[in-house]
Amino acid sequence: MIRHLITLSWNKKKTHSLLIVEIWASFMVLFGLTSLIIFNVSKYVEPLGFTYENVWAINLANNQDTTEVAQKVRAIFQRLKAYPEVESVSRMSDNSPFSNYHNGMGVSYNKTVTQMSFYVADENLAETLAMPLTLGTWYRAPDSVAKYRPVVINQKASESLFSNANPVGKTISDYEGKKEIWRVAGVINTFKGKGEFAKNEPVMIELLDENATWNKTMLIRVKPGTDAVFEAKMVHDITSMAKGWSVEVGSLVDSRKAQHNITLVPVIIFLVISGFLLINVALGLFGVLNLSIAKRRGEIGLRRALGATGNAISAQFIGEIWVLATFALIIGLLFAAQFPLLNVFDLQAGIYLTAIAISALVIYAIVTLCALFPSRQAAMIQPATALHEE
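Note that the structure is predicted; figures quoted are calculated from it, not measured.

Student: Tell me about the overall build of the protein, and name the residues and values.
Tutor: Helix and strand counts for the protein stand at 12 helices and 11 strands. Relative to its 390 residues, the protein shows a buried fraction of 44%. Considering only contacts within the protein whose residues lie at least 6 apart along the sequence, 81% involve residues at least 24 apart. Surface accessibility of the protein: about 20,100 Å² in total, with carbon and sulfur atoms responsible for 61%.

Printed below as a string of structure tokens:
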């Protein structure tokens, strides 16, 4: 039976060539879309590493003011701590969670070099963002006078630099490995500063120098229910303390949504394009099958007269469309298999293999659904009627 179906489809390869190309194109688009979805879902299910609810980011800009900047920043910090609506305050670099800024640097340990996402924050960051430690302790302000700058790294950084060894207490050098600069105080599980859809990358958080004038972002954890009235009061107080400064306040919840849109909008666009393409292919399949049935009524009537059941007639038409889909998928697999073999886009091979399997199943499901109604129509043809028309 299978050999017969393959022979029938092969004899009509010129007629069905456009249909095969459409199915192949649909498979490739589905493969790309499925790979993208699986990749983003795999990142989304990884823990974020901190909490963002009821946390606001306050970005300060001193503009033209260059006098006593560090003192004014410290005064603003103390003022924020004094508000009864504020549960915790932390000062950090401008690449705060869900911001558009990124700071990166290379570090080394025993000639092992790793690129890190680099953050600078004070000792209150763990409390403000509710970040649990898995090893060691969080650094403290008095640690700033030590020989090496204290840092907290995530598990990914620990594995990259120290493999399975305990990193607490070890010193990290600069990119060239010439000078030891940092000492690991503790380890956190993850810290995905750009949101759930961000890749879990090595992260290093260094103790902030409170006398520095360039790290002026404040993170505050406010009590639930704190509204815009407090925000307006807070901005007014800050601008009164620092004349000429600009203040920008944003909720991490809103910033997270903005970061998610950067990832989700291309996926949605790709999904809409794929949907239109699959609908066109489905309509094409439906039309081809209806035309084929109209041209082959005599053949169908003869088979029914020889004893073929309606289910057998229906199975033949579904089998023929499966053969066409298989021809298209074989070509598609030759292309799709290159992605895991060549490690395209530096994705895990499992993502591509899963996408190939899902895309193939979807194609078979679509062609089956498109063939069901026309095949049932063919099964209902009565032999006497079909042979009389001939």
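Student: I'd like to hear about the environment of Ile366, residue by residue, with values.
Tutor: One can find Ile366 in helix α11 (residues 349-379). Between the C-alpha atom of Ile366 and that of Leu285, which follows or precedes it by 81 residues, the distance is 9.4 Å. In this view, Ile366 contacts Leu278 and Ala282; residues no more than four positions away in its chain are not counted.

Student: Lay out the environment of Ala349 in plain terms, naming residues and giving numbers.
Tutor: On the secondary structure map, Ala349 appears in helix α11. Placed 10 residues apart in sequence, Ala349 and Phe339 show a C-alpha to C-alpha distance of 8.0 Å.

Student: Account for the nonpolar core, with residues named and values stated.
Tutor: By size, the foremost hydrophobic cluster in this structure holds 31 residues, and its most contacted members are Ile23, Phe27, Leu285, Ile321, Ile363 and Val367. At 10 residues, the largest contribution of residues to this core is made by α11. Not counting residues up to four positions away in its chain, the partners in contact with Ile23 are Val281, Leu285, Ala325, Ala328, Ile363 and Val367.

Student: Give me the UniProt feature "transmembrane region" (unreviewed entry) in the protein: which residues, what numbers.
Tutor: Within this structure's numbering, the places UniProt gives as "transmembrane region" (unreviewed entry) are residues 21-41, 264-291, 312-337 and 349-373. Secondary structure within residues 21-41 divides into 100% helix and 0% strand; the distance between the first and last C-alpha atoms comes to 30 Å. With 100% helix and 0% strand, the stretch residues 264-291 has end C-alpha atoms that lie 40 Å from each other.

Student: So what's going on with helix α6 (residues 228-241)? Residues and values would help.
Tutor: Here α6 spans 20 Å end to end across 14 residues, near enough to the 20 Å set by a 1.5 Å rise per residue. Buried within α6 we find Phe230, Met234, Asp237 and Ile238. Buried residues of α6 fall within an arc of 95 degrees about the axis and therefore sit on the same side. α6 presents Ala228, Val229 and His236 as exposed residues on the side facing more than 90 degrees away from its buried surface. Along its buried surface, α6 packs onto β1 (55-61), α3 (69-82), β2 (86-92), β10 (217-222) and β11 (246-251).

Student: Any details on the packing of α3 against α6? Residues and values, ideally.
Tutor: Interaxial distance between α3 and α6 falls to 10 Å at its minimum, and their mutual angle equals 150 degrees. Judged by the angle between their axes, α3 and α6 are roughly antiparallel. The interaxial crossing formed by α3 with α6 has right-handed handedness. Of α6, the residues touching α3 (which contributes Ala75, Ile76, Arg79 and Leu80) are Met234, Asp237, Ile238 and Met241. Its residues assigned to classes, the contact of α3 with α6 comprises 6 nonpolar, no polar and 2 charged.

Student: Lay out the environment of Lys243 in plain terms, naming residues and giving numbers.
Tutor: Within the element layout of this structure, Lys243 appears in the loop between α6 and β11. By relative accessible area, Lys243 is classed as exposed at 64%. Along the primary structure Lys243 and Asp65 are separated by 178 residues, whereas in three dimensions their C-alpha atoms are 8.1 Å apart.

Student: Please give an account of the pattern of salt bridges that cites residues and values.
Tutor: This structure, assessed with the given rule, holds 6 salt bridges. The partner of Arg149 in a salt bridge is Glu206, and the shortest N-O contact between them spans 3.9 Å. Placement of Arg149 in strand β6 (residues 149-154) and of Glu206 in strand β9 (residues 203-207) is noted, with a sequence separation of 57 residues between them. Given the relative accessible area of 13%, Glu206 is considered buried. Between Arg256 and Glu196 there is a salt bridge, and its shortest N-O distance comes to 3.1 Å. One end of the pair, Arg256, is in helix α7 (residues 252-295); the other, Glu196, is in the loop between β8 (180-188) and β9, with 60 residues separating them in the sequence. On the accessibility criterion, Glu196 (8% relative accessible area) is buried.

So, how was this worked out
Chains are numbered independently. Their residues run from 1 in the order of the written sequence. It should be noted that, the model being predicted, local features are given only for residues of pLDDT at least 70 and side-chain atom pairs only at 80 or more, the latter also being counted only at that level, while totals for whole chains, interfaces and linings use all residues. Values reported for side chains reflect all heavy atoms of the structure, with hydrogen atoms and water molecules removed beforehand. The numbering of helices and of strands both runs from the N terminus, where a helix is a DSSP run of H or I of at least 4 residues and a strand a run of E of at least 2. Categorising residues by exposure relies on relative accessible area from a 1.4 Å probe, with only protein chains included: less than 20% of the type maximum marks a residue as buried, more than 50% marks it as exposed, and the intermediate range marks it as partly exposed. Residue contacts are counted whenever heavy atoms from the two residues lie within 4.5 Å of one another. Areas reported here follow the Shrake-Rupley algorithm with a probe of radius 1.4 Å; residue values treat only the protein chains shown as occluding. Buried residues of nine kinds, namely Ala, Val, Leu, Ile, Met, Phe, Trp, Tyr and Cys, make up a nonpolar core once their side-chain atoms join them within 4.5 Å. UniProt positions are given in the numbering used here, feature names are shortened, and annotations may be inferred rather than shown by experiment. Here, expected helix span is obtained from the residue count minus one, scaled by 1.5 Å. Picture the helix axis, draw a direction to every C-beta atom, and the arc is the one those directions span. To define axes, lines are fitted to C-alpha atoms, for helices over the stretch in contact only, and angles between the resulting N-to-C directions are given on a 0 to 180 degree scale. Orientation categories follow fixed angle ranges, with anything under 35 degrees roughly parallel, anything over 145 roughly antiparallel, 65 to 115 roughly perpendicular, and all other angles oblique. By convention the crossing between two helices is left-handed if the near helix lies anticlockwise of the far one by an angle smaller than a right angle, and right-handed if it lies clockwise. Each residue is assigned to one class: nonpolar for Ala, Val, Leu, Ile, Met, Phe, Trp, Tyr, Cys and Pro, charged for Asp, Glu, Lys and Arg, and polar for all the others, Gly among them. What counts as a salt bridge is simple: a side-chain nitrogen of Lys or Arg found within 4 Å of a carboxyl oxygen of Asp or Glu.

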